[in-house]
Amino acid sequence: MTPRLDMIGIVATDMARALDFYRRLGLDIPPGAENQPHVEVTLPHGLRLAWDTAEVARSVDPDWSPGRGGGAALAFRYDTPAEVDNGYADMTGAGFTGHREPWDAPWGQRYAVLRDPDGTTVDLFAPLPTTA
């Protein structure tokens, strides 16, 4: 059997703030989830995204300690470059941390980078229109 990626987990130091960040990006996270030690949602293509408190992380690995957000990155695809700009402006306007403002990347995408409340890199991108 070949394993398949089923879930991406994030340890949240402030569950309410973390879920606010991902709700604002458009994920459908149930109301009241911020009061739970483990939260997960199933995304449209079946992949699960989960958040755990530090206590839950330590129940799995007693030596767990917070990282600096450099070990994982998430990327959210938008349909248009303008949506990337608007999404970045919305998130930073709501007080979340912008890491790189939107730019036209040489690989043909409009790109921007945020940091979630725990420092996880969250990319926003959309394909640039092709010119004939």
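Attention here is on the structure that accompanies the text. Please read all numbers here as calculations on a predicted model, not as lab measurements.

This part takes up the pairing of strand β7 (residues 121–127). Counting buried residues along β7, 6 of its 7 residues qualify, which places the element largely inside the surrounding structure. Across 5 bridges, the pairing between strand β4 (residues 73–77) and β7 is parallel. Residue Ala75 lies in a different strand from β7, and its bridge partner there is Asp123. By the bridge criterion, 7 bridges tie strand β6 (residues 109–115) to β7 in an arrangement that is antiparallel. Counted as the bridge partner of Arg110 is Ala126 from β7.

Now for the pattern of salt bridges. With the rule as written, the count across this model stands at 8 salt bridges. Close ionic contact of Asp20 with Arg17 constitutes a salt bridge, the shortest N to O distance being 3.8 Å. With Asp20 and Arg17 both in helix α1 (residues 15–24), this residue pair falls 3 residues apart, about one helical turn. Given the relative accessible area of 29%, Arg17 is considered partly exposed. A salt bridge links Arg110 to Asp85, with the nearest nitrogen and oxygen atoms 2.8 Å apart. One end of the pair, Arg110, is in strand β6; the other, Asp85, is in helix α3 (residues 81–93), and 25 residues separate them in sequence. Note on Asp85: relative accessible area 28%, which makes it partly exposed.

Here we take up α3. A rise of 1.5 Å per residue sets the reference length of α3, with its 13 residues, at 18 Å; its end C-alpha atoms lie 18 Å apart and thus fit the reference within 8%. For α3, every residue scored as buried is listed here: Val84, Gly87, Tyr88 and Met91. Angularly, the buried residues of α3 cover 100 degrees about the axis, an arc narrow enough to put them on a single face. Every exposed residue of α3 that faces more than 90 degrees away from the buried side is listed here: Asn86 and Gly93.

Definitions and limits used
Counting of residues starts from 1 at the beginning of each chain's written sequence and follows it residue by residue. Confidence filtering applies because this is a predicted model: local features only for residues at pLDDT of at least 70, side-chain atom pairs given and counted only at 80 or more, and all residues used for totals across whole chains, interfaces and linings. With hydrogens and water set aside, each side-chain value is computed from the structure's full complement of heavy atoms. Buried means the residue's accessible area, taken with a 1.4 Å probe over protein chains only, is under 20% of the maximum for its type, while exposed means over 50%, and partly exposed covers the values in between. Per the convention used, a helix needs a DSSP run of H or I reaching at least four residues, while a strand needs a run of E reaching at least two, with both numbered from the N terminus. We call two strands paired when DSSP finds no fewer than two bridges between them. Salt bridge, as used here: a side-chain nitrogen of Lys or Arg that lies within 4 Å of a carboxyl oxygen of Asp or Glu. Multiplying 1.5 Å by the helix residue count minus one yields the expected span of that helix. By definition, the arc is the one covered by directions from the helix axis to the C-beta atoms.

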